[in-house]
Amino acid sequence: MTESAEPVTSTPSARDETPVAESTVKIPDSPVGRHVTWLLGALKRLPLAEEELADHFAPEYLDTFPVEQTNAFLSGIRSLEFVELTKVYATRLEGRVVVDGVARGILITMDETDRLMIVEIK
C-alpha cells in the first residue's frame, strides 16, 4: 500500500508547549486512524483476547510480540494521550503523546494487510 505524496505537518509554536487534552486531537478517518481509535478504546479494557489482537495487528507483529507481550506493552501505555499529530498518511502516522505524564514521540504503521505493524513509543 502506498502513502500519500505529502504528509500533513505542523510545527509547534512557543505557546504550544502546554500539552493539549486528548479530546482536541482529531484522529483521522483513515485506515490507520481507525486502528488508533480502536487502540485508544482497547487500552481501557486490557488484557485483550488473541482474536481481537489478530483483527488489528499484523501476523508478523504477533509472531514477534505474542499476545502476552502485546498486552504487557499495552498495559505500559494505558495512560496514552495524543498531544499532536505531526505526519498523517493513510497507513502511517507520527505525533506526540503523553504516557504517565511523560511527553514522547509515537510512530504507528500498517502492513499490506491493513493491520498494525509498528506501534513505537520513543
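For the structure itself, look to the data block above.
Report follows, based on the coordinates. Bear in mind that the values here come from a model prediction, so they are computed numbers and not experimental data.

What follows covers helix α4 (residues 67-76). Taken together, the buried positions of α4 are occupied by Val 67, Thr 70, Asn 71 and Leu 74. Projected onto a plane normal to the axis of α4, the buried residues spread over an arc of 95° and lie on a single side. Close packing links the buried residues of α4 with α1 (31-42), α2 (50-56) and α3 (59-64).

A large share of strand β2 (residues 92-99) lies buried, amounting to six of its eight residues. Where strand β1 (residues 81-88) lies against β2, six bridges are found, and the strand directions are antiparallel. Opposite Lys 87, over in β2, you have Glu 94 as the bridge partner. Here β1 hands over to β2 after three residues, the two strands then running antiparallel side by side. One ladder, built from eight bridges, connects β2 with strand β3 (residues 102-110); its direction is antiparallel. When the sheet's bridge partners are listed, Val 99 is paired in β3 with Val 102.

Turning next to the pattern of salt bridges. Enumeration according to the criterion identifies four salt bridges in this entry. Close ionic contact of Arg 45 with Glu 52 constitutes a salt bridge, the shortest N to O distance being 2.6 Å. With a closest N to O distance of 2.8 Å, Glu 84 and Arg 96 form a salt bridge. Of the two residues, Glu 84 sits in strand β1 while Arg 96 sits in strand β2, which places them 12 residues apart along the sequence.

Scoring rules and cut-offs
- Residues numbered from 1 in each chain as written.
- Predicted model: local features only at pLDDT ≥ 70, side-chain atom pairs only at ≥ 80, totals over all residues.
- Heavy atoms only, no water.
- Buried < 20%, exposed > 50% of the residue type's maximum accessible area, 1.4 Å probe, protein only.
- Helix = DSSP H or I, 4+ residues; strand = E, 2+ residues; numbered from the N terminus.
- Arc of directions from axis to C-beta.
- Contact = heavy atoms within 4.5 Å.
- Pairing = 2+ DSSP bridges.
- Salt bridge = Lys/Arg side-chain N within 4 Å of Asp/Glu carboxyl O.

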